[in-house]
Amino acid sequence: MKYMTAEPYKIKVVEHIGKTTKPERQEYLKEADYNVFKLKSDVVYIDCLTDSGTSAMSANQWSAMMLGDESYAGCSSFYKLEQSVQEVFNMPFLQPTHQGRAADYFVSQIYGKKGKYTFSNMHFITYLGHANVHGTIPIDIPVDEAFDSNAMACAFKGNIDIDRFKQLINEKGADNITAVIISLTCNNNGGQPMSMENLKAVHALTESNGIPIVLDCARIAENAYFIKQREPGYEDKTIKQITQELCSYCETAIMSAKKDALVNIGGLFITRNRDVFAEANQLALAFEGYITYGGLAGRDLEAIAVGLLEGCDEAYLEHRNAQVNYLGNRLKEKGVPIVEPIGGHGVYVNSVEFFPHIPADKNPSQRLVTALYEEAGVRAVAMIMSTTDHSVRSEKSLELDCMRIAIPRRAYTTNHLDVIANALGDIYQDRDTYGGMKRVDDDWNSALSLFTSKFELL
Ligand SMILES: *Cc1c(COP(=O)(O)O)cnc(C)c1O
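Taking an unreviewed UniProt entry as the reference, the protein is identified by name as Tryptophanase belonging to Kineobactrum salinum. Under the Subunit (unreviewed entry) heading, UniProt states for the protein: "Homotetramer."

On a plain count of helices and strands, the protein comes out with 16 helices and 14 strands. On C-alpha atoms alone, the protein measures out to a radius of gyration of 22 Å, which is about the 23 Å that the 2.2 N^0.38 rule sets for 458 residues. Taken over the C-alpha atoms alone, the protein extends approximately 60 × 55 × 50 Å along its principal axes. Counting all 458 residues of the protein, 57% fall into the buried class. Counted over contacts in the protein with a minimum sequence separation of 6, partners at least 24 positions apart contribute 72%. Counting only carbon and sulfur atoms, one obtains 50% of the accessible surface of the protein, whose full area is about 19400 Å². Here the protein carries 45 positive and 59 negative side-chain charges, and the mean point of each set is 2 Å from the other.

Between Leu-184 and Thr-185 the backbone carries a cis peptide bond, its omega angle lying at -15°. Along the chain, Thr-185 turns up in the loop between strand 5 (177–183) and helix 7 (196–209). Of the consecutive residues Glu-340 and Pro-341, the connecting peptide bond is found in the cis state with omega at -5°. With phi around 55°, Asp-33 is a residue other than glycine that occupies positive phi space. By the secondary structure assignment, Asp-33 is in the loop between helix 1 (22–31) and strand 1 (46–47).

This paragraph deals with the pairing of strand 7 (residues 252–256). With 5 of 5 residues buried, strand 7 is to be regarded as a mostly interior element. The sheet contact formed by strand 6 (residues 213–216) and strand 7 spans 3 bridges and is parallel. Its bridge partner being in strand 7, Leu-215 is matched across the sheet by Ala-253. Examined bridge by bridge, strand 7 and strand 8 (residues 267–271) share 5 bridges and lie antiparallel to one another. Within the sheet, the bridge partner assigned to Met-255 lies in strand 8 and is Leu-268.

Attention now moves to the environment of Leu-308. Looking at the secondary structure, you find Leu-308 in helix 11 (residues 298–310). Here Leu-308 falls in the buried class, since its relative accessible area comes to 2%. In this structure Leu-308 touches Leu-81, Ser-84, Val-85, Val-88, Phe-89, Met-255, Ala-261 and Leu-268, once residues within four positions along its chain are discounted.

Next up on the list: a nonpolar patch on the surface. A surface patch of nonpolar side chains, about 530 Å² in accessible area, is lined by Met-1, Tyr-3 and Met-4. By secondary structure assignment, the location of Met-1 is in the segment before helix 1.

In terms of burial, strand 2 (residues 93–97) is a largely internal element, 5 of the 5 residues being buried. The side-chain alternation of strand 2 yields two buried faces, one formed by Phe-93, Gln-95 and Thr-97 and the other by Leu-94 and Pro-96.

The next thing to look at is the packing of helix 3 (residues 76–89) against helix 9 (residues 239–248). With their axes 6 Å apart at the nearest point, helix 3 and helix 9 run at an angle of 85° to one another. Regarding the angle of helix 3 to helix 9, the classification is roughly perpendicular. Residue-level inspection shows Gln-86, Glu-87, Val-88 and Phe-89 of helix 3 in contact with helix 9, the latter providing Lys-240, Thr-243, Gln-244 and Cys-247.

It is worth spelling out the domain arrangement of the protein at this point. Annotation of the protein at the domain level lists domain 1 (22–51 + 314–457) and domain 2 (59–310). The interface of domain 1 with domain 2 comprises 32 residues on the first partner and 42 residues on the second. Carbon and sulfur atoms supply 52% of the area buried between domain 1 and domain 2, which totals about 3000 Å² over both sides. The interface formed by domain 1 and domain 2 includes 6 salt bridges. Ionic pairing is found between Asp-260 and Arg-409, a salt bridge with its closest N-O pair at 3.2 Å. At the surface where domain 1 touches domain 2, the tally comes to 12 residue pairs in polar contact (both at pLDDT 80 or more). Broken down by secondary-structure element, the contributors of at least two residues to the side of domain 1 that touches domain 2 are helix 12 (314–333), strand 9 (346–350), strand 11 (381–386) and strand 12 (399–406). Across the side of domain 1 that touches domain 2, the residue classes break down as 11 nonpolar, 9 polar and 12 charged.

For the rest of this paragraph, the subject is the side chain of Ser-77. Relative to the assigned elements, Ser-77 resides in helix 3. Apart from residues lying up to four places away in sequence, Ser-77 is in contact with Leu-67, Gly-68, Asp-69, Gly-298, Leu-301 and Glu-302.

The next subject is the sheet that holds strand 11. The strand order across the open sheet formed by 3 strands is 9-12-11, and the pairing between neighbours is antiparallel. What marks the edges here is a single partner per strand, and that holds for strand 9 and strand 11. Averaged over all adjacent pairs, the angle separating strand axes in this sheet is 40°, with direction ignored. Pairing between strand 11 and strand 12: 6 bridges, direction antiparallel. In the sheet register, Val-381 faces strand 12, and the bridge partner there is Arg-404. Sheet strands in contact with helix 12 are strand 9 and strand 12, and its direction is about 25° off that of strand 9.

Moving on: the UniProt feature "modified residue: N6-(pyridoxal phosphate)lysine" (unreviewed entry) in the protein. With numbering matched to this structure, UniProt assigns "modified residue: N6-(pyridoxal phosphate)lysine" (unreviewed entry) to Lys-259. Classification of Lys-259 as buried rests on a relative accessible area of 9%. Not counting the four nearest positions on each side in its chain, Lys-259 is found in contact with Asp-51, Ser-52, Ser-55, Ala-218, Arg-219 and Arg-409.

A separate point is helix 4 (residues 100–111). Compared with an ideal rise of 1.5 Å per residue, which puts 12 residues at 16 Å, helix 4 spans 16 Å between its outermost C-alpha atoms and is within 8% of the ideal. By the criterion of burial, helix 4 is predominantly enclosed, with 9 of the 12 residues buried. When we look at burial in helix 4, the residues that qualify are Gly-100, Ala-102, Ala-103, Asp-104, Phe-106, Val-107, Ser-108, Ile-110 and Tyr-111.

Thresholds applied
Residues numbered from 1 in each chain as written. Predicted model: local features only at pLDDT ≥ 70, side-chain atom pairs only at ≥ 80, totals over all residues. Heavy atoms only, no water. UniProt positions renumbered as here; feature names shortened; annotations may be inferred. Helix = DSSP H or I, 4+ residues; strand = E, 2+ residues; numbered from the N terminus. Rg over C-alpha atoms; globule rule 2.2 N^0.38 Å. Buried < 20%, exposed > 50% of the residue type's maximum accessible area, 1.4 Å probe, protein only. Contact = heavy atoms within 4.5 Å. Areas by Shrake-Rupley, 256 points an atom, 1.4 Å probe, with all protein chains shown as cover. Lys, Arg positive; Asp, Glu negative; His and termini not counted. Charge placed at Lys NZ, Arg CZ, Asp CG, Glu CD. Pairing = 2+ DSSP bridges. Patch = residues over 30% accessible without salt bridge, like charges linked within 9 Å, V, L, I, M, F, W, Y side chains within 5 Å. Salt bridge = Lys/Arg side-chain N within 4 Å of Asp/Glu carboxyl O. Axes fitted to C-alpha atoms, helices over the stretch in contact; angles between N-to-C directions. Parallel < 35°, antiparallel > 145°, perpendicular 65-115°, else oblique. Domains from an automatic or database assignment. Buried area = accessible area lost by both parts, 1.4 Å probe. Polar contact = N/O pair within 3.5 Å; in protein donor to acceptor, adjacent residues only side chain to side chain. Nonpolar A, V, L, I, M, F, W, Y, C, P; charged D, E, K, R; others polar. Expected span 1.5 Å × (residues − 1).

What follows is the structure, given as structure tokens:
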């Protein structure tokens, strides 16, 4: 296999991507109020806005879609999906949902309680919104390294701080903790994995205190791959053995299928608790659809059934991981400051270190994102890497203004990644010539602020 280091797929269908000139892109940016969410995708050359729902599907997925059974109840596509879910999660009860956030909503309703707590390595935003409405208090308890954007030696920055967890169980009382919700990988600090050892330790504590674990499995296959690479004792296990073991510690698992299940739409709510399943069915009937289709077409269920298994294929995961590392390492060679270790689904550039002369309130990340689009037609996204509850450990809160370059699965080749690395390298060379940006709308408090904000060049 010495020479077999290229993409583990060949290309049967291609999608044209248009080229634009720099003056054109400057015009598009101006029209979009310097907010890349408002750019039309056909003026984007390489789109790294997100890894969510942007995967290329396989020939097997597309052909399975033709077998989609669109029966209202009991469709055969559901049973195929159930079979795949058994293989990856080894859990009995499946309620499909239209996206991951619908499953998040179910979790917030079933496991949340007004005035009580949920704990997490880092709660994801689509759960947080529901928790806030519901009145559940979310507390993040990641390990100290999770707060450090340069903890290069930390193999598992998605881990939970066990001592802190023990302390909080004593402080708040186990009865007041309704669930531990764990993101695999931990999205909020850059797609960082959790180790099996850490999950076992969390489980030992939750079991003796009667607290259920919910796993947010959007990127469980990427997490399993990291465990296989980095955790002693897992070198010879298959990815599915690892995902099954991860799930053996939880009561309920949810998943945005738009990530590791390699599809463009879909979500899963999976549980081993019959009562929880009944509640999920109720919620699905009200908000999603009948139990066996849950807001999706039969053909979507088929695509997930195949994609879930392909997402656990080791050759695919090895290449995916290598792609993300390749981009990160090329950027490092060029001196570009990135968050380390490199995570599972993208490369995060530390914009504050990239543009040290641009003050935080002059939006260095937004400037970097617009510069990258202007230079090469590449769309990334500005984001604040942060924890949710600063009152808990304000002395160690993470608040890092960065640019995420998310890598869509199976969509781009190494040549595309070189375009990104070369363009960012050039911007870095000329970094002194860039000024900050001023936010000019006053829509600060809106939940849609990310999508509606307007900027001007300073
Ligand atoms: C994407 C994501 C979700 C939400 O899923 P959608 O399919 O976008 O609704 C929830 N949790 C995590 C960790 C995610 O990455």
